[in-house]
Amino acid sequence: YMGIISVMVLLFARARYANTPYVPYMMAGLWLKWLGALGFCSIYTFYYAGGDSTLYFDYSLIIHDVIVNDPEKGWRLLFLGPGEFHLNTFEYTDKYFSYFRSASTLKVMQFSTILSFICFKSYWLVSIMMATLSFSGMWALYRVLTDRYPNLHYSLALAVFAIPSVIFWGSGLLKDTITMSALGWFVYGWYHLFIKKDRIISSLLIMWASAWLINVIKGYILTAFLPAAVLWVILHHFQMLKFWNLRIFTLSVFVFFSAIGVYFLRDQISGLGMAFVNKFVSMAIDFQSWHGVLSETRDQSGYDFGEITFTPAGIFAKFPAAVNVTLFRPYPHKVDSPVMLLTSLESMFMLFMTLYVFLKVGFFKVWRIIFSQPIILCFLVFALFFAFAVGFTSYNFGALARYKIPCLPFYVVTLLLVLHHGKPPSTSIQKDPKGVALEVASTN
């Protein structure tokens, strides 16, 4: 299968990206995802001896066998909604109730069941196919970035495809593999629909399918990304206005009508905001309590933020600490396992890279660049708020290593783009992997 897919992808890449430097990145990115899938399967098979991923697969094989032996019952079982029960499938939904009542878990099992028919009921091969699907979304994100910054094709490829935890946790049979792919496709559809204003129909379909999938599995990812994406569109079109008086007029009109809207919808906005805060607080308390128990009773690596007041002000007071724990911890002296060591090394790299960018570009210039480039501001806003959300709720470094992967490529891309814009304008010669010289101008 890997050989067949490699040939198909290579033929597609050479046809679609002829005379560009992207073909080697497509192949390398795909093989990195496969390497992550094989490593993930090895860890879960030989080190952990099972986990969520293997349970998803085991239960999907039950559905597979029911489809083979009793197609009518099997297909009904496959397309059940969460918490939906029928008399002829009750023996399965009752026995595995916890997995059939969760929409996100059920969706992963359904993916695995469908793939099992072409994967010979192999956990390893299903994981390879999941990694391939995940790669498609990561490639979509990469093409958005290289469309904006074609001369940064190499560094952007590293940011999107080569982050170790994204390779590992975003390539196996997990919810995160699906959501990472869907997020990449959502960014792709959003970019073409609202920024480039082309491929309207396909972009709408891609956005709808991606948003639906993310919302079913991990809706908070979409909740974190949409405000940043809207900000990207507003600032992008605001910058396209050439004259300052027109910009000021447009901004004034926008603020005026926004204020009117907020005034008349203040009750609905307040209610929606409180509902969101309450849900966030409930989720945080559940996760913090459970992972706190695990760290105390099973010697798992945990952390805490001390006493927390669960009010909007009290929660956001922990914003710096939560972002810090997501992006830059665990520190090396807190490492107590091989897996935690790898996470610590990656976090230290993030910290050193952040410090390097601020020192190289300059503290105040970094923020000027961020607020002058809508795409950078969008990516940073998403990365920071998502890092805050998962850092505040996880309370366990093992779980956090997996939960945080959606924000890592966006954060690293932010640093790379700030570094790029912080360089003085110059003309340089780059060579693509085939040795063809490309003269490109570094633009700010």
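Criteria and thresholds
- Residues numbered from 1 in each chain as written.
- Predicted model: local features only at pLDDT ≥ 70, side-chain atom pairs only at ≥ 80, totals over all residues.
- Heavy atoms only, no water.
- Axes fitted to C-alpha atoms, helices over the stretch in contact; angles between N-to-C directions.
- Helix = DSSP H or I, 4+ residues; strand = E, 2+ residues; numbered from the N terminus.
- Parallel < 35°, antiparallel > 145°, perpendicular 65-115°, else oblique.
- Left-handed = near helix turned anticlockwise from the far one by under 90°.
- Contact = heavy atoms within 4.5 Å.
- Nonpolar A, V, L, I, M, F, W, Y, C, P; charged D, E, K, R; others polar.
- Salt bridge = Lys/Arg side-chain N within 4 Å of Asp/Glu carboxyl O.
- Buried < 20%, exposed > 50% of the residue type's maximum accessible area, 1.4 Å probe, protein only.
- Phe/Tyr/Trp six-rings, centres within 6.5 Å; stacked < 30°, edge-to-face > 60°.
- pLDDT = per-residue confidence, 0-100.

## Describing the packing of helix α17 (residues 338–361) against helix α21 (residues 408–421)
Between α17 and α21, the least distance of the axes is 10 Å, while the angle of their chain directions is 25°. With respect to their mutual orientation, α17 and α21 come out roughly parallel. Along this stretch, α17 crosses α21, giving a crossing that reads as left-handed. Mapping the contact onto sequence places E346, M350, M353, T354, Y356, V357, K360 and V361 in α17 and L408, Y411, V412, L415, L416, V418 and L419 in α21. Within the contact of α17 with α21, the residues separate by chemical class into twelve nonpolar, one polar and two charged.

## Notes on the pattern of salt bridges
Tallied over the full model, the rule gives four salt bridges. With a shortest N-O distance of 2.9 Å, D65 and K121 are connected by a salt bridge. Remark: K121 occurs in the loop between α7 (103–116) and α8 (123–148) and D65 occurs in helix α3 (residues 52–69); sequence separation between them is 56 residues. A relative accessible area of 31% places D65 in the partly exposed class. Using a relative accessible area of 36% as the deciding quantity, one classes K121 as partly exposed. A salt bridge links D176 to K218, with the shortest nitrogen-to-oxygen separation between them at 2.6 Å. Of the two residues, D176 sits in helix α11 (residues 175–195) while K218 sits in helix α12 (residues 200–240), which places them 42 residues apart along the sequence. D176 gets classed as buried once you look at its relative accessible area, which sits at 3%. Each of the salt bridges in this network shares a partner with another, and the network as a whole consists of D176, K218 and R402.

## Examining the packing of aromatic side chains
Following the criterion strictly, the structure yields 44 aromatic pairs and no others. On the basis of an interplanar angle of 50° and a centroid distance of 4.4 Å, the ring pair of W190 and F194 is categorised as tilted. On the criterion of helical spacing, the pair formed by W190 and F194 is a turn pair, its members being four residues apart in helix α11. Measuring from ring centre to ring centre gives 6.4 Å for F328 and Y411, while their planes differ by 70°; the resulting arrangement is edge-to-face.

## So, the confidence of the model for the chain
Predicted coordinates in areas of low pLDDT are best not read in detail. Of the residues in the chain, 82% have a pLDDT of 70 or more, and the chain-wide mean is 84. Contacts from residues 427–444, a stretch scored under 50 in pLDDT, to residues over four places away or in other chains number 37 contacts.

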